[in-house]
Every structure is written in structure tokens, then in C-alpha cells.
Amino acid sequence: MSRLHVRPRTDHGQVIHITPQSAGWRHVGFDVHKLAPGDHAAAAAGNREVCLVLVSGKARVKAAGRDFGVLGERMTPFEGKPHAVYVPGGADWRVEAASDLTLAVCSAPSGGSKHPARHIAPQDMGQETRGKGTNVRYVTNILPEDAPADSLLVVEVLTPGGHTSSYPPHKHDQDNLPAESLLEETYYHRLNPAQGFAFQRVYTDDRSLDEAIVVEDGSVVMVPRGYHPVAAIHGYDLYYLNVMAGPRRTWKFHNAREHEWLMKA
């Protein structure tokens, strides 16, 4: 099994747990909690900032001494936009499920800038369509680089069945601005219907890293470096939640040269 592929370890509670230590990198942490009504998840952010994303379901969210009330509208990640809450480093947070809930906890090092905790409402999230033909996918920017944060970049993407995504292949593994930024990345995948599957390849130019991964509902692919295209198969729509972080908070990527002609086709 690929060391880059993390499958859910249970079907309830903390089902995904990725730390910089377990991933073998420096920045991104990612957890998923699946909770029943009345269940809760809580933690202290410590020296990391956190973005809580309600992937599906409703929950009461408290963070940094504030009660944000019951948030959430969509019952599936394949409809509408999520609710999210930004939690600065040094703060506590608590989420209590008001319905069946899938909660993503995205984290990265805090720079100590003390941005206030805030609710990121669906109407505050920009949406865009990328690509053409069978490369079309739909992007929701939850925590983009023009929003206040120290390290985190968070985005979700819906790729229709039969389409490709994160394509043409691109990478962001060199601290070489303005041409390219160094960003670690996780992909949290969901399938509709849930019994489907998709494919993701993670590879470098010299092929010292070259892995093709069969993605199933609820699994995570870690991208420490290299290109990372995704393909959704016919009949199954693919959702993924991306978390990125690195030494500098900007997304500058480099396309694989042999496939760059697709940008002009």
C-alpha cells in the first residue's frame, strides 16, 4: 500500500489523523471526525492555526471564547458550499454535532499574528469553474491566500464523473518565488455514489516518486512533492478538500512541460 494513501481507520469518531510527524513533513495537519448528534470534538490549537470545515451536517461551534451558534446547511459535500470557522493559534475550539456530521480539521503552523476567530460563511466563499470539456471542475475557495491567515490555504473541488482535475499536471514543491512556491498538500476524497472510486497519481520529473493510487470514499492522499493529477471515472462524481501550507503563504505552481500544450488546446 502507498505510504501516501491514508484510509479511514474507523467509521465513527476521529476517522483520519495526519500530523506533520506522521506525514514526514513540516506544515500540514489534517483530521476528519464523523460524529452523531450530541457527539463532540475539541482541542487546543496550541502553536497551530486551524480551519474547521463542516463538510456535511450541522454543529454548534465554539472557538477562542466565542460561541458561533449552530452552523451548517448542506447534508452532503456534493451540494452547495460549506460553513467553516477559522481558529487562531493559542485558542481552544469545540464542535458539537447537531446532526450527523463530517468535520474536517485543517491545521498549519501559526505565525503568531493573532488573527481573530471568525465564521467563514458560504456567501463569503468565492466559486469558480476551471478547465474546458472533460477537464471542467468546480472550485470553492474556503480560505484563499487573500483571506487573513498565517499558513493555511483551504479549497474544495467538485469533479464530475469522467473528468480530470488538478490537470494538466502541476506541482508546487520549490521555494522559488515568484515562479513557484513550496506547499505540502492533502486531498480528502469523497465519491458520489459512495461505492465508486477514482485515481490519483503523484510523481516527480525524475520519477524518484511515482505512485498511482486508487482513491475510495473517505480516503486521503498526501502530496509531499511532485505532480498530482486526479481522474474521476464515469458515473461517480468526485469531491475533494485540499489543505496546503508551506514556508510562504502563496499558491504558485509549475505545469509539467510535456503537458502544457493542453492549456492552449
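Residues numbered from 1 in each chain as written. Predicted model: local features only at pLDDT ≥ 70, side-chain atom pairs only at ≥ 80, totals over all residues. Heavy atoms only, no water.

Colleague: Pulling in residues and values, what's your account of the environment of Ala-121?
Modeller: Mapped onto the secondary structure, Ala-121 falls in the loop between β11 (118–120) and β12 (126–130). Residue Ala-121 is classed as buried on the basis of its relative accessible area, which comes to 7%. Distance in space between the C-alpha atoms of Ala-121 and Ile-142 is 9.0 Å, their sequence separation being 21 residues. (Helix = DSSP H or I, 4+ residues; strand = E, 2+ residues; numbered from the N terminus. Buried < 20%, exposed > 50% of the residue type's maximum accessible area, 1.4 Å probe, protein only.)

Colleague: Which residues make up the packing of aromatic side chains, and what values do they have?
Modeller: Summed over all chains, the structure comprises six aromatic pairs. For the ring pair Phe-78 and Tyr-239, a centre distance of 6.3 Å and an interplane angle of 65° mean the geometry is edge-to-face. Residue Phe-78 is located in the loop between β7 (66–71) and β8 (83–87), and its partner Tyr-239 is located in strand β24 (residues 237–245); the two are separated by 161 residues in the primary sequence. Considering the side-chain rings of Trp-251 and Phe-253, the 4.8 Å spacing of their centres and the 40° angle between planes classify their relative orientation as tilted. Exposure remark for Trp-251: the relative accessible area of 24% places this residue in the partly exposed category. Here Phe-253 falls in the partly exposed class, since its relative accessible area comes to 34%. (Phe/Tyr/Trp six-rings, centres within 6.5 Å; stacked < 30°, edge-to-face > 60°.)

Colleague: Now, about the sheet that holds β24: what can you tell me, with residues and values included?
Modeller: Read across the open sheet, the seven strands follow the order β1-β22-β19-β24-β14-β13-β12; overall the sheet is antiparallel. With partners counted over all chains shown, the strands left at the sheet margins are β1 (5–6) and β12, one partner each. Inspection of the sheet shows strand β19 (residues 184–192) paired to β24 by nine bridges, in the antiparallel sense. Within β24, the residue paired with Thr-186 across the bridge is Val-243. (Pairing = 2+ DSSP bridges.)

Colleague: Report on the environment of His-234, specifying residues and quantitative values.
Modeller: Among the secondary structure elements, His-234 is positioned in the loop between β23 (230–232) and β24. A C-alpha to C-alpha distance of 19 Å links His-234 and Ser-219, two positions 15 residues apart in sequence. Residue contacts for His-234: discarding those within four places in its chain leaves Gly-161 and Gly-162. (Contact = heavy atoms within 4.5 Å.)

Colleague: Give me the state of the cysteines: which residues, what numbers.
Modeller: The final tally for this structure, using the stated rule, is zero disulfides. In this structure Cys-51 is a free cysteine whose sulfur lies 5.2 Å from that of Cys-106, the closest cysteine sulfur available. (Disulfide = S-S within 2.5 Å.)

Colleague: Just give me the short version of the layout of surface pockets, but keep the residues and values in it.
Modeller: In this approach the atoms are scanned with a rolling probe the size of a water molecule, which exposes any empty space left behind. Its volume calculated, the largest pocket comes out at about 700 Å³. Lining the largest pocket are 32 residues, with Arg-130, Arg-137, Tyr-167, Trp-251 and Phe-253 sitting closest to its centre. Listing elements by their share of the lining of the largest pocket, those giving two or more residues are β12, β13 (137–143), β14 (153–159), β15 (164–165), β19 and β24. Residue composition of the lining of the largest pocket, by class: 17 nonpolar, nine polar and six charged. When its volume is computed, the second largest pocket comes out at roughly 250 Å³. Residue lining of the second largest pocket: 18 residues in total, with Asp-31, Arg-48, Val-50, Val-105 and Ser-107 positioned closest to the centre. The set of elements that each furnish at least two residues to the lining of the second largest pocket consists of β2 (13–18), α1 (20–23), β3 (29–35), β4 (40–44), β5 (48–56) and β10 (101–109). If you tally residues by element for the lining of the second largest pocket, the top one is β3, at four residues. Here the lining of the second largest pocket is composed, by residue class, of nine nonpolar, seven polar and two charged. (1 Å grid on protein atoms, 1.4 Å probe; cavity = no way out; pocket = protein on both sides within 12 Å on 5 of 7 lines; lining within 4 Å. Points joined across faces, edges and corners; volume = space filled by probe spheres on them. Nonpolar A, V, L, I, M, F, W, Y, C, P; charged D, E, K, R; others polar.)

Colleague: I'd like a description of the pairing of strand β17 (residues 173–176), backed by residues and values.
Modeller: As paired elements, β17 and strand β18 (residues 180–182) share two bridges and run antiparallel to each other. Within the sheet, the bridge partner assigned to Asn-176 lies in β18 and is Glu-180. Linkage of β17 to β18, two consecutive antiparallel strands, is achieved through a turn of three residues.

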